[in-house]
Amino acid sequence: MPARVELFGVEIDRLRMEEAVAQIQAWVADSADRCHFVVTPNVDHVVMLQHHAGLQASYRDAGMVLVDGAPVLWASRLLHRRGNDLPERVAGSDLVPALFDSAEESKPLTVFILGAAPGVAERATANIRRQWPGVEVVGTYSPPLGFERDERENELILNKIAAAKPDILIVGLGAPKQELWVHKHRNQLRAKVALCVGATIDFLAGERSRAPVWMRSVGLEWVYRVASEPRRLAARYAKDAVVFPRLLAREWWRLRNPVRS
(Lines give C-alpha, C1' and ligand atoms only; values in the text may rest on other atoms or scores of the structure.)
Protein backbone atom coordinates (compact mmCIF):
# COMPACT_ATOMS: atom_id res chain seq x y z
CA MET A 1 0.00 0.00 0.00
CA PRO A 2 1.21 3.60 -0.65
CA ALA A 3 2.74 5.66 2.14
CA ARG A 4 0.61 7.37 4.75
CA VAL A 5 0.28 11.08 5.48
CA GLU A 6 0.70 12.12 9.11
CA LEU A 7 -1.95 14.65 10.05
CA PHE A 8 -3.24 15.71 13.49
CA GLY A 9 -1.44 12.76 15.07
CA VAL A 10 -3.07 10.28 12.68
CA GLU A 11 -1.44 8.41 9.80
CA ILE A 12 -3.88 8.40 6.86
CA ASP A 13 -3.44 6.21 3.78
CA ARG A 14 -2.84 8.00 0.47
CA LEU A 15 -5.45 6.02 -1.41
CA ARG A 16 -8.06 6.78 -4.03
CA MET A 17 -11.41 5.01 -3.96
CA GLU A 18 -10.48 2.36 -6.54
CA GLU A 19 -7.24 1.60 -4.67
CA ALA A 20 -9.08 1.20 -1.36
CA VAL A 21 -11.59 -1.16 -2.98
CA ALA A 22 -8.76 -3.17 -4.56
CA GLN A 23 -7.02 -3.53 -1.19
CA ILE A 24 -10.21 -4.74 0.49
CA GLN A 25 -10.75 -7.23 -2.33
CA ALA A 26 -7.19 -8.50 -1.78
CA TRP A 27 -7.89 -8.99 1.93
CA VAL A 28 -11.09 -10.86 1.13
CA ALA A 29 -9.19 -13.16 -1.22
CA ASP A 30 -6.44 -13.77 1.34
CA SER A 31 -6.60 -17.17 3.05
CA ALA A 32 -5.09 -15.83 6.30
CA ASP A 33 -7.36 -16.19 9.32
CA ARG A 34 -7.41 -12.59 10.52
CA CYS A 35 -9.70 -9.57 10.39
CA HIS A 36 -8.42 -6.32 8.89
CA PHE A 37 -10.38 -3.27 9.93
CA VAL A 38 -10.91 0.09 8.27
CA VAL A 39 -11.53 3.48 9.90
CA THR A 40 -12.56 6.71 8.19
CA PRO A 41 -11.56 9.92 10.01
CA ASN A 42 -13.61 13.07 9.70
CA VAL A 43 -13.34 16.33 11.66
CA ASP A 44 -15.23 14.91 14.66
CA HIS A 45 -12.85 11.92 14.81
CA VAL A 46 -9.83 14.22 14.62
CA VAL A 47 -11.14 16.29 17.54
CA MET A 48 -11.82 13.17 19.65
CA LEU A 49 -8.44 11.66 18.80
CA GLN A 50 -6.60 14.47 20.54
CA HIS A 51 -7.64 13.19 23.98
CA HIS A 52 -9.06 9.68 23.54
CA ALA A 53 -6.38 7.04 24.15
CA GLY A 54 -8.64 4.14 23.16
CA LEU A 55 -9.50 5.72 19.82
CA GLN A 56 -5.82 6.50 19.22
CA ALA A 57 -4.97 2.81 19.76
CA SER A 58 -7.72 1.78 17.35
CA TYR A 59 -6.36 4.07 14.66
CA ARG A 60 -2.79 2.86 15.18
CA ASP A 61 -3.82 -0.77 14.64
CA ALA A 62 -6.23 -0.20 11.74
CA GLY A 63 -5.35 -1.92 8.49
CA MET A 64 -6.57 1.07 6.51
CA VAL A 65 -7.24 4.71 7.47
CA LEU A 66 -9.22 6.60 4.81
CA VAL A 67 -9.98 10.31 4.86
CA ASP A 68 -13.74 10.84 5.21
CA GLY A 69 -14.09 14.51 6.07
CA ALA A 70 -13.57 17.13 3.36
CA PRO A 71 -11.93 19.60 5.81
CA VAL A 72 -9.37 16.93 6.73
CA LEU A 73 -8.62 16.43 3.03
CA TRP A 74 -8.25 20.21 2.53
CA ALA A 75 -5.96 20.40 5.56
CA SER A 76 -3.64 17.82 3.99
CA ARG A 77 -3.43 19.94 0.83
CA LEU A 78 -2.77 23.10 2.82
CA LEU A 79 -0.08 21.56 5.02
CA HIS A 80 1.70 19.16 2.67
CA ARG A 81 3.37 19.58 -0.71
CA ARG A 82 1.48 18.39 -3.78
CA GLY A 83 2.17 14.69 -4.20
CA ASN A 84 2.58 14.21 -0.45
CA ASP A 85 -0.99 15.17 0.38
CA LEU A 86 -4.12 13.03 0.30
CA PRO A 87 -5.38 12.42 -3.27
CA GLU A 88 -9.14 12.40 -2.63
CA ARG A 89 -11.91 11.89 -0.11
CA VAL A 90 -12.85 8.25 0.47
CA ALA A 91 -15.96 8.43 2.66
CA GLY A 92 -17.25 5.27 4.29
CA SER A 93 -20.73 5.90 2.89
CA ASP A 94 -19.22 5.93 -0.62
CA LEU A 95 -16.75 3.09 0.00
CA VAL A 96 -19.41 0.48 0.76
CA PRO A 97 -21.43 1.03 -2.46
CA ALA A 98 -18.17 1.13 -4.46
CA LEU A 99 -17.14 -2.18 -2.93
CA PHE A 100 -20.57 -3.65 -3.69
CA ASP A 101 -20.29 -2.41 -7.29
CA SER A 102 -17.09 -4.43 -7.64
CA ALA A 103 -18.70 -7.69 -6.48
CA GLU A 104 -19.39 -10.38 -9.07
CA GLU A 105 -22.58 -12.42 -9.13
CA SER A 106 -20.57 -15.55 -9.96
CA LYS A 107 -18.63 -15.15 -6.71
CA PRO A 108 -20.83 -13.24 -4.26
CA LEU A 109 -19.35 -10.96 -1.63
CA THR A 110 -20.80 -12.06 1.72
CA VAL A 111 -21.74 -9.35 4.21
CA PHE A 112 -22.84 -9.14 7.85
CA ILE A 113 -24.51 -5.91 9.00
CA LEU A 114 -23.99 -4.92 12.64
CA GLY A 115 -25.67 -1.82 14.01
CA ALA A 116 -28.47 0.69 13.34
CA ALA A 117 -31.91 0.63 14.95
CA PRO A 118 -34.04 -2.54 14.95
CA GLY A 119 -35.40 -3.29 11.49
CA VAL A 120 -33.06 -0.91 9.66
CA ALA A 121 -30.51 -3.57 8.71
CA GLU A 122 -33.31 -5.72 7.28
CA ARG A 123 -34.47 -2.83 5.08
CA ALA A 124 -30.87 -2.25 4.03
CA THR A 125 -30.64 -5.95 3.16
CA ALA A 126 -33.70 -5.75 0.90
CA ASN A 127 -32.22 -2.76 -0.93
CA ILE A 128 -28.83 -4.44 -1.29
CA ARG A 129 -30.44 -7.54 -2.80
CA ARG A 130 -32.31 -5.42 -5.35
CA GLN A 131 -29.34 -3.30 -6.37
CA TRP A 132 -26.31 -5.60 -6.04
CA PRO A 133 -26.85 -9.22 -7.15
CA GLY A 134 -23.17 -9.90 -6.44
CA VAL A 135 -23.64 -9.20 -2.71
CA GLU A 136 -25.12 -11.71 -0.28
CA VAL A 137 -26.16 -10.52 3.19
CA VAL A 138 -25.51 -13.49 5.47
CA GLY A 139 -26.56 -11.92 8.76
CA THR A 140 -27.76 -8.80 10.56
CA TYR A 141 -27.92 -7.74 14.19
CA SER A 142 -29.02 -4.59 16.01
CA PRO A 143 -27.39 -4.72 19.47
CA PRO A 144 -29.17 -3.21 22.48
CA LEU A 145 -28.04 0.01 24.12
CA GLY A 146 -25.02 -0.56 26.34
CA PHE A 147 -24.17 -3.91 24.73
CA GLU A 148 -20.46 -3.10 24.69
CA ARG A 149 -20.36 -3.44 28.51
CA ASP A 150 -22.23 -6.77 28.53
CA GLU A 151 -19.88 -9.75 28.20
CA ARG A 152 -22.67 -12.18 27.30
CA GLU A 153 -24.06 -9.85 24.65
CA ASN A 154 -20.62 -9.40 23.11
CA GLU A 155 -20.15 -13.16 23.04
CA LEU A 156 -23.52 -13.52 21.32
CA ILE A 157 -22.53 -11.01 18.64
CA LEU A 158 -19.16 -12.66 18.04
CA ASN A 159 -20.85 -16.07 17.74
CA LYS A 160 -23.38 -14.73 15.21
CA ILE A 161 -20.57 -13.32 13.08
CA ALA A 162 -18.51 -16.52 13.40
CA ALA A 163 -21.48 -18.64 12.30
CA ALA A 164 -22.02 -16.43 9.23
CA LYS A 165 -18.30 -16.19 8.28
CA PRO A 166 -18.76 -13.03 6.20
CA ASP A 167 -16.20 -11.51 3.89
CA ILE A 168 -17.23 -8.04 5.05
CA LEU A 169 -18.53 -6.91 8.43
CA ILE A 170 -20.27 -3.53 8.12
CA VAL A 171 -20.26 -1.85 11.53
CA GLY A 172 -22.52 1.14 12.08
CA LEU A 173 -22.49 1.85 15.82
CA GLY A 174 -21.38 5.48 15.77
CA ALA A 175 -17.98 6.86 16.67
CA PRO A 176 -16.04 6.13 18.76
CA LYS A 177 -18.04 3.07 19.87
CA GLN A 178 -17.65 1.20 16.58
CA GLU A 179 -13.87 1.75 16.38
CA LEU A 180 -13.36 0.81 20.04
CA TRP A 181 -15.51 -2.32 19.76
CA VAL A 182 -13.87 -3.59 16.58
CA HIS A 183 -10.41 -2.89 17.96
CA LYS A 184 -11.13 -4.71 21.21
CA HIS A 185 -12.52 -7.80 19.46
CA ARG A 186 -10.41 -7.74 16.29
CA ASN A 187 -8.69 -11.04 17.12
CA GLN A 188 -12.04 -12.76 17.67
CA LEU A 189 -13.88 -11.43 14.64
CA ARG A 190 -14.40 -14.15 12.03
CA ALA A 191 -14.70 -11.78 9.09
CA LYS A 192 -12.08 -10.92 6.50
CA VAL A 193 -12.63 -7.15 6.77
CA ALA A 194 -14.53 -4.94 9.22
CA LEU A 195 -15.60 -1.51 7.97
CA CYS A 196 -16.35 1.12 10.64
CA VAL A 197 -18.68 3.27 8.58
CA GLY A 198 -21.12 5.08 10.87
CA ALA A 199 -24.46 5.99 9.28
CA THR A 200 -23.87 3.93 6.11
CA ILE A 201 -26.42 1.29 7.17
CA ASP A 202 -29.07 4.00 7.49
CA PHE A 203 -28.19 5.30 4.02
CA LEU A 204 -28.41 1.80 2.53
CA ALA A 205 -31.81 1.33 4.16
CA GLY A 206 -33.12 4.70 2.99
CA GLU A 207 -33.62 5.84 6.59
CA ARG A 208 -31.47 8.88 5.94
CA SER A 209 -30.70 10.59 2.66
CA ARG A 210 -27.26 11.60 1.43
CA ALA A 211 -26.54 15.19 0.55
CA PRO A 212 -26.83 16.05 -3.16
CA VAL A 213 -23.72 15.18 -5.15
CA TRP A 214 -22.82 18.84 -5.70
CA MET A 215 -22.80 19.48 -1.94
CA ARG A 216 -20.57 16.45 -1.38
CA SER A 217 -18.21 17.53 -4.14
CA VAL A 218 -17.63 20.98 -2.58
CA GLY A 219 -17.40 19.71 1.00
CA LEU A 220 -20.80 20.89 2.21
CA GLU A 221 -22.28 17.52 3.17
CA TRP A 222 -21.99 18.52 6.83
CA VAL A 223 -24.41 21.43 6.22
CA TYR A 224 -26.98 19.03 4.81
CA ARG A 225 -26.54 16.61 7.71
CA VAL A 226 -26.93 19.32 10.37
CA ALA A 227 -30.05 20.62 8.63
CA SER A 228 -31.45 17.06 8.51
CA GLU A 229 -30.66 16.20 12.16
CA PRO A 230 -30.17 19.47 14.07
CA ARG A 231 -30.90 18.08 17.54
CA ARG A 232 -28.36 15.29 17.22
CA LEU A 233 -25.61 17.03 15.27
CA ALA A 234 -25.74 20.80 15.85
CA ALA A 235 -23.85 20.80 19.17
CA ARG A 236 -21.21 18.38 17.86
CA TYR A 237 -20.55 20.40 14.72
CA ALA A 238 -20.47 23.65 16.68
CA LYS A 239 -17.77 22.24 18.96
CA ASP A 240 -15.80 20.88 16.01
CA ALA A 241 -16.02 24.27 14.27
CA VAL A 242 -14.29 25.86 17.26
CA VAL A 243 -11.67 23.18 17.96
CA PHE A 244 -10.64 22.13 14.43
CA PRO A 245 -9.20 25.52 13.35
CA ARG A 246 -7.05 25.49 16.50
CA LEU A 247 -5.78 22.03 15.64
CA LEU A 248 -5.08 23.18 12.07
CA ALA A 249 -3.05 26.15 13.33
CA ARG A 250 -1.14 23.93 15.74
CA GLU A 251 -0.38 21.43 12.95
CA TRP A 252 0.79 24.21 10.65
CA TRP A 253 3.18 25.45 13.35
CA ARG A 254 4.46 21.94 14.12
CA LEU A 255 5.28 21.17 10.50
CA ARG A 256 7.13 24.47 10.01
CA ASN A 257 8.99 24.30 13.28
CA PRO A 258 10.24 20.71 13.60
CA VAL A 259 11.89 19.76 16.86
CA ARG A 260 15.64 19.30 16.38
CA SER A 261 17.46 16.78 18.53
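1. Here we look at the overall build of the protein chain
When helices and strands are counted, the protein chain shows twelve helices and eight strands. Here the protein chain has a C-alpha radius of gyration of 18 Å; the compact-globule value for 261 residues is 18 Å, and the two agree. C-alpha atoms of the protein chain, sized along the principal axes, occupy 55 × 40 × 40 Å. Sorting the 261 residues of the protein chain into buried and exposed places 48% on the buried side. Partitioning the intrachain contacts of the protein chain with sequence separation of at least 6 by distance along the chain shows that 74% fall at a separation of at least 24. Counting only carbon and sulfur atoms, one obtains 52% of the accessible surface of the protein chain, whose full area is about 13,300 Å². When the 35 positive and 31 negative side-chain charges of the protein chain are each reduced to one mean point, those points stand 5 Å apart.

2. A word on the state of the cysteines
Counted by the stated rule, this structure contains zero disulfides. Of all cysteine sulfurs in the structure, the one in Cys 35 sits closest to Cys 196, which takes part in no disulfide; the separation is 8.9 Å. Residue class for Cys 196 comes out buried when judged on its relative accessible area of 0%.

3. Quick word on the environment of Leu 66
Tracing the backbone through its elements, the reader meets Leu 66 in the loop between β4 (64-65) and α4 (70-79). According to the relative accessible area criterion, Leu 66 is buried, its value standing at 0%. Taking C-alpha positions, Leu 66 is 7.8 Å from Arg 14, a pair spaced 52 residues apart along the chain.

4. Here we look at the pairing of strand β8 (residues 193-196)
Residues Val 193 and Leu 195 line one face of β8 and the alternating positions Ala 194 and Cys 196 line the opposite face, and both faces are buried. Relative to β8, strand β3 (residues 36-39) runs parallel, the two sharing three bridges. Note that in β8 the partner of Val 38 across the bridge is Leu 195. In this sheet, β8 lies alongside strand β7 (residues 168-172) in parallel orientation, the contact comprising four bridges. From the neighbouring strand, Val 171 faces β8, where its bridge partner is Cys 196.

5. Notes on the packing of aromatic side chains
Geometrically, a pair of aromatic rings is defined through the distance of the ring centres and the angle of the planes. According to the stated counting rule, one finds three aromatic pairs in the structure shown. Ring centres 5.1 Å apart and planes at 70° place the aromatic pair Phe 100 and Trp 132 in the edge-to-face group. Residue Phe 100 is located in helix α5 (residues 92-101), and its partner Trp 132 is located in the loop between α6 (120-131) and β6 (135-141); the two are separated by 32 residues in the primary sequence. Over the ring of Phe 203 we find Arg 210, and its NZ or CZ is 5.5 Å from the ring centre.

6. Digging into a nonpolar patch on the surface
Taken together, Trp 214, Val 218, Leu 220, Trp 222 and Val 223 make up a surface patch of nonpolar side chains, about 470 Å² in accessible area. Along the chain, Trp 214 turns up in helix α10 (residues 213-217).

7. Some remarks on the environment of Leu 158
Topologically, Leu 158 is positioned in helix α7 (residues 151-164). In contact with Leu 158, not counting residues within four places along its chain, are Trp 181, His 185, Gln 188 and Leu 189.

8. Regarding the environment of Gly 9
Take Gly 9: it is sitting in the loop between β1 (4-7) and β2 (10-13). In this structure, the C-alpha to C-alpha distance between Gly 9 and Leu 49, residues 40 residues apart in sequence, is 8.0 Å.

9. A short note on the sheet that holds β3
In space, the six strands of this open sheet follow the order β4-β3-β8-β7-β5-β6, with parallel pairing throughout. In this open sheet, the two strands that pair with only one neighbour each are β4 and β6. α6 rests against β5 (109-115) and β6 of the sheet, and its axis sits at about 175° to β6. This element, helix α8 (residues 177-185), spans β3, β5, β7 and β8 of the sheet and lies at about 160° to β8.

10. Concerning the side chain of Asp 68
By the secondary structure assignment, Asp 68 is in the loop between β4 and α4. Those residues within four positions of Asp 68 in sequence are excluded, and the remaining contacts are Thr 40, Pro 41, Asn 42, Arg 89, Val 90, Ala 91 and Gly 92.

Conventions we followed
- Residues numbered from 1 in each chain as written.
- Predicted model: local features only at pLDDT ≥ 70, side-chain atom pairs only at ≥ 80, totals over all residues.
- Heavy atoms only, no water.
- Helix = DSSP H or I, 4+ residues; strand = E, 2+ residues; numbered from the N terminus.
- Rg over C-alpha atoms; globule rule 2.2 N^0.38 Å.
- Buried < 20%, exposed > 50% of the residue type's maximum accessible area, 1.4 Å probe, protein only.
- Contact = heavy atoms within 4.5 Å.
- Areas by Shrake-Rupley, 256 points an atom, 1.4 Å probe, with all protein chains shown as cover.
- Lys, Arg positive; Asp, Glu negative; His and termini not counted.
- Charge placed at Lys NZ, Arg CZ, Asp CG, Glu CD.
- Disulfide = S-S within 2.5 Å.
- Pairing = 2+ DSSP bridges.
- Phe/Tyr/Trp six-rings, centres within 6.5 Å; stacked < 30°, edge-to-face > 60°.
- Lys NZ or Arg CZ within 6 Å of the ring centre and 35° of its normal.
- Patch = residues over 30% accessible without salt bridge, like charges linked within 9 Å, V, L, I, M, F, W, Y side chains within 5 Å.
- Salt bridge = Lys/Arg side-chain N within 4 Å of Asp/Glu carboxyl O.
- Axes fitted to C-alpha atoms, helices over the stretch in contact; angles between N-to-C directions.

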